[in-house]
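So you can see what is in the structure, the chains are spelled out below.
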There are 2 protein chains.
Amino acid sequence: MKTNCCAFLFAYLAAMLTNSSIAVADDPLPSWNETAAKQSIVAFVEKVTQPGSPDFVPTDERVATFDNDGTLWSEQPYYFQLAFALDRVKAMAPDHPEWKTQQPFQGVLEGDLKAVMAGGKKSLIEIVATTHAGMTADEFEQIVTEWISTAKHPKTGRLYKEMVYQPMLELLAYLRANDFKTFIVSGGGIEFMRPWTEATYGIPPEQVVGSSIQTRYEVRDGKPVIVRLPEVDFIDDKEGKPIGIHSHIGRRPVFAAGNSDGDWAMLQYTTIARSPSFGLIVHHTDADREWAYDRESHIGQLDKALDDAEQKGWTIVDMKQDWKVIYPAK
Amino acid sequence: MKTNCCAFLFAYLAAMLTNSSIAVADDPLPSWNETAAKQSIVAFVEKVTQPGSPDFVPTDERVATFDNDGTLWSEQPYYFQLAFALDRVKAMAPDHPEWKTQQPFQGVLEGDLKAVMAGGKKSLIEIVATTHAGMTADEFEQIVTEWISTAKHPKTGRLYKEMVYQPMLELLAYLRANDFKTFIVSGGGIEFMRPWTEATYGIPPEQVVGSSIQTRYEVRDGKPVIVRLPEVDFIDDKEGKPIGIHSHIGRRPVFAAGNSDGDWAMLQYTTIARSPSFGLIVHHTDADREWAYDRESHIGQLDKALDDAEQKGWTIVDMKQDWKVIYPAK
């Protein structure tokens, strides 16, 4: 009896210990090549989690922030949220016969993006206001959930949500296994991301920071609802990112990852005059497996941050050299 | 050897099991009398955490929101944040000799609150702008931290942070032990609360929602800073509370606690047309141990919510009847 008891307890305890130390025993970043980028990430995590180390960071200060478009998932040939908006215009078109002859909607319906873009920022705002406002938050969540579960990227044929970067999923999990709290800090719409970030990235809605439109609280048909209004509330990009971090998180991160000049201020806020800290830039260098673009790109332009990375001590991840795979196996 | 091993493992495992089940074995709410309020709280938590129950709520949806002033700590004779602002005026006065003859500052310095109040809302805004803006977020955090560590309430002689409600501390811990995520959703300033809510309530900065002023990101002396501006950004009160919850948390709570009509909309948002859910109202009924006030109070007015509680199914906590103690033992 005693031996059985002991055997059971030992097995139980051993299983628990194994689970809790799995990140140490195995390679936590199996999709990363053994290059400098991976080594610098692992060295950072090990030093800030080592009790007694001069670089030790208490668990409640282990805040890691990640840009989304181009950092956690692809963003070409245009932001996936724009693909969502264009699909919404098409889905809503039967209720709007006037759109057949009215720009920018006509351009969307005819697949003539040049005509859409000819209207500049005003056209884009009109499309976003039409597709992102005028419904309740619950209704918008439902619309996003349906789209993200079914819409496919024209080039890869994958669902958009399957175009997340496997190495970055591993990095998120690795940081969380080391008691980091992971946040998204994106220029994308906060309510466009929240419906699917928990299942896709393991990041719950309350840890998503993004751009927002104004809302109004009211009761409709006896049910309290949040109504989405066609007015910008906050743009979480460039200098807006530190503001969004301060507002939502209330702590300076010790780890930040981005891929464009829109992340420059977040990287600066995270790493400058603060040690230890870690800045990471995903550099899109792989035209075969993903896309290759940086200084001249109209989406995710990476120019100033690329110039400054070495002097600022930011780690550049070269997708082609540093990642074994881009997307998760299907 | 085997027996020793077994004994050690058994002791180890037993200790762990004891720790993890302490909330079940012992009374999780020892400062609550055995009245209907406590029973309804426990019944709610047990039914939503019971796997297989029709009322079961998955852990990631267990969001509980708490007002702060009058719900987690006292708020008389005026909001403690106003006491902070008045103390700041006094501390800053040596650098502002002109305040000796300039309202509302003169009134503050002379302890003549009537003169201050004679200036109405404009005077209060001037005091808040002077004491809460014009510095960096880090500097303001330092100022708040110093004040909250030393300032004492004139009536009780306690530090303000020792005027938190022991029964509510137990309720927060009880909910967290049952995998609820606890948030503050207060009309008070978000940056006035964040420096001390983690140590006092176990609620980290990123789970604090409150009113805010506008900020600007810049680099000063080579260090990135958030500068606090004398302009209101968001008022987290009344209909603002559901908006603040939606913006910061992105989920509807299943549990909300407040004490005034300023919490009515949050209680409605949490409980109406949603089951299971729990609304709690702290009713200040204890003039001996704390304060007694409701419908006519200039602070924390509780009128409409008191009328509506029964019909809405909200649980009213009668401080005098339901709580064994008010504040933590010193």
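Please read these numbers as outputs of a predicted model, since none were measured by experiment.

Comments concerning the overall build of chain A
- Helix and strand counts for chain A stand at 14 helices and eight strands.
- Principal-axis analysis of the C-alpha atoms places the extent of chain A at approximately 80 × 55 × 35 Å.
- Residue burial in chain A is summarised as follows: out of 330 residues, 53% are buried.
- Partitioning the intrachain contacts of chain A with sequence separation of at least 6 by distance along the chain shows that 65% fall at a separation of at least 24.
- Surface exposure of chain A reaches about 14600 Å², of which carbon and sulfur atoms provide 53%.
- Within chain A, the 46 negative side-chain charges are centred at a point lying 2 Å from the centre of the 33 positive side-chain charges.

A closer look at the pattern of salt bridges
- One pass over the full model with this rule turns up 35 salt bridges over all chains.
- As a salt-bridge pair, Lys238(A) and Asp237(A) come within 3.6 Å of each other at their nearest N and O atoms.
- Residue class for Lys238(A) comes out partly exposed when judged on its relative accessible area of 45%.
- Given the relative accessible area of 27%, Asp237(A) is considered partly exposed.
- One salt-bridge network, in which partners are shared between bridges, spans Lys181(A), Arg251(A), Glu198(B) and Glu206(B).

A short note on unusual backbone geometry
- In this chain, Gln103(B) is followed by Pro104(B) through a cis amide linkage whose omega measures 5°.
- Across the junction of Ser275(B) and Pro276(B), the peptide omega takes the value -5°, indicating a cis bond.
- Mapped onto the fold, Pro276(B) is located in the loop between helix H12 (264-271) and strand S6 (278-285).
- Backbone geometry at Ala273(A) places phi at a positive 60°, although glycine is not the residue there.
- Judged by relative accessible area, which is 54%, Ala273(A) ranks as exposed.
- A positive phi angle, close to 65°, is found at Asp179(B), a residue other than glycine.
- If you trace the backbone, Asp179(B) turns up in the loop between helix H9 (166-177) and strand S2 (181-189).
- Here Asp179(B) falls in the partly exposed class, since its relative accessible area comes to 46%.

Focus on helix H4 (residues 80-92) of chain B
Residues and elements named next belong to chain B.
- Relative to the 18 Å expected for 13 residues at 1.5 Å per residue, H4 spans 18 Å between its end C-alpha atoms, a close match to the ideal helical length.
- Counting buried positions along H4 yields ten of 13 residues, so the element is predominantly enclosed.
- As for H4, its buried residues are in contact with helix H5 (105-109), helix H6 (113-118), helix H7 (120-132), helix H8 (137-150), S2 and helix H10 (190-201).

Examining the pairing of strand S4 (residues 223-234) of chain A
Residue and element names in this part refer to chain A.
- Two elements, strand S3 (residues 208-220) and S4, share eight bridges in a ladder whose sense is antiparallel. By the bridge assignment, threonine 215 is partnered in S4 with arginine 228.
- The turn linking S3 back onto S4 is made up of two residues, and aspartate 221 within it adopts a positive phi angle of 50°.

So, the packing of aromatic side chains
- Summed over the entire model, instances satisfying the criterion amount to 40 aromatic pairs over all chains.
- On the numbers, 5.8 Å between centres and 90° between planes, the contact of Tyr269(A) with Tyr217(B) is edge-to-face. On the criterion of chain membership, the pair formed by Tyr269(A) in helix H12 (residues 264-271) and Tyr217(B) in strand S3 (residues 208-220) is interchain, its members lying in two chains. This pair shows no difference in class: Tyr269(A) is buried, exactly as Tyr217(B) is.
- With 5.2 Å between their ring centres and 45° between their planes, Phe84(B) and Phe192(B) make a pair best called tilted.

Details of the packing of helix H4 (residues 80-92) of chain A against helix H8 (residues 137-150) of chain A
All names here are of chain A.
- Where H4 contacts H8, the two axes come as close as 11 Å, and the packing angle between them is 105°. If you check the angle between H4 and H8, you find them roughly perpendicular. Between H4 and H8, the residues in contact are Phe80, Ala83, Phe84, Asp87 and Arg88 and Phe140, Ile143, Val144 and Trp147, respectively.
- Its residues assigned to classes, the contact of H4 with H8 comprises seven nonpolar, no polar and two charged.

A look at the environment of Met319(B)
All names here are of chain B.
- When you line up the elements, methionine 319 lands in helix H14 (residues 319-322).
- With 271 residues separating them in the primary sequence, methionine 319 and valine 48 have C-alpha atoms 26 Å apart.
- Setting aside its immediate chain neighbours within four residues, methionine 319 contacts Tyr165, Val282, His283, His284, Thr285, Asp286, Arg289, Glu290 and Ile326.

Regarding helix H13 (residues 304-312) of chain B
- The set of residues buried in H13(B) consists of Ala305(B), Leu306(B), Asp308(B) and Ala309(B).
- Once H13(B) finishes, Gly313(B) follows within two positions and takes phi at roughly 80°, a positive value.

Here's the deal with the confidence of the model for chain A
Residues and elements named next belong to chain A.
- Residues at a pLDDT of 70 or more form 92% of chain A, whose mean pLDDT is 93.
- Counting contacts from residues 1-24, a segment whose pLDDT is below 50, to residues more than four positions away or on other chains yields 20 contacts.
- Prediction confidence for the complex, expressed as pTM and ipTM, is 0.91 and 0.90 respectively.

Re the packing of helix H3 (residues 36-48) of chain B against H9(B)
All names here are of chain B.
- H9 packs onto H3 with a crossing angle of 15° between their chain directions and a minimal axis gap of 11 Å. If you check the angle between H3 and H9, you find them roughly parallel. The chirality of how H3 crosses H9 is right-handed. Residues Ile41, Val42, Val45 and Glu46 of H3 touch H9, and the partners they reach there are Leu171, Tyr174 and Leu175.
- Residues belonging to the contact of H3 with H9 are distributed by class as follows: six nonpolar, no polar and one charged.

Points about the pairing of S2(B)
Residue and element names in this part refer to chain B.
- Counted residue by residue, S2 has seven buried out of nine residues, so it is predominantly covered.
- Taken together, the four bridges between strand S1 (residues 63-66) and S2 define a ladder with parallel strand orientation. In the sheet register, valine 63 faces S2, and the bridge partner there is lysine 181.
- Pairing between S2 and S3: three bridges, direction parallel.

Comments concerning the environment of Gln50(A)
- If you trace the backbone, Gln50(A) turns up in the loop between helix H3 (36-48) and strand S1 (63-66).
- Remark: the alpha-carbon pair of Gln50(A) and Glu146(A), spanning 96 residues in sequence, is separated by 44 Å.

Examining the side chain of Thr71(B)
All names here are of chain B.
- Tracing the backbone shows threonine 71 in the loop between S1 and H4.
- What makes threonine 71 buried here is its relative accessible area of 0%.
- Of note is the side chain of threonine 71, whose polar atom sits 3.1 Å from the side chain of asparagine 259.

Details of the side chain of Thr49(B)
All names here are of chain B.
- Turning to its location among the elements, threonine 49 is positioned in the loop between H3 and S1.
- A polar atom in the side chain of threonine 49 sits 3.3 Å from the backbone oxygen of glutamate 46.
- Once you skip the residues sitting within four places of it in the chain, threonine 49 turns out to touch Phe56, Arg62 and Asn178.

What to know about the environment of Asn68(A)
- Among the structural elements, Asn68(A) can be located in the loop between S1 and H4.
- Considering only alpha carbons, one finds Asn68(A) and Val185(A), 117 residues apart in sequence, at a separation of 7.1 Å.

The rules behind the values
Residues numbered from 1 in each chain as written. Chains lettered and ligands numbered in written order. Predicted model: local features only at pLDDT ≥ 70, side-chain atom pairs only at ≥ 80, totals over all residues. Heavy atoms only, no water. Helix = DSSP H or I, 4+ residues; strand = E, 2+ residues; numbered from the N terminus. Buried < 20%, exposed > 50% of the residue type's maximum accessible area, 1.4 Å probe, protein only. Contact = heavy atoms within 4.5 Å. Areas by Shrake-Rupley, 256 points an atom, 1.4 Å probe, with all protein chains shown as cover. Lys, Arg positive; Asp, Glu negative; His and termini not counted. Charge placed at Lys NZ, Arg CZ, Asp CG, Glu CD. Salt bridge = Lys/Arg side-chain N within 4 Å of Asp/Glu carboxyl O. Expected span 1.5 Å × (residues − 1). Pairing = 2+ DSSP bridges. Phe/Tyr/Trp six-rings, centres within 6.5 Å; stacked < 30°, edge-to-face > 60°. Axes fitted to C-alpha atoms, helices over the stretch in contact; angles between N-to-C directions. Parallel < 35°, antiparallel > 145°, perpendicular 65-115°, else oblique. Nonpolar A, V, L, I, M, F, W, Y, C, P; charged D, E, K, R; others polar. pLDDT = per-residue confidence, 0-100. Left-handed = near helix turned anticlockwise from the far one by under 90°. Polar contact = N/O pair within 3.5 Å; in protein donor to acceptor, adjacent residues only side chain to side chain.

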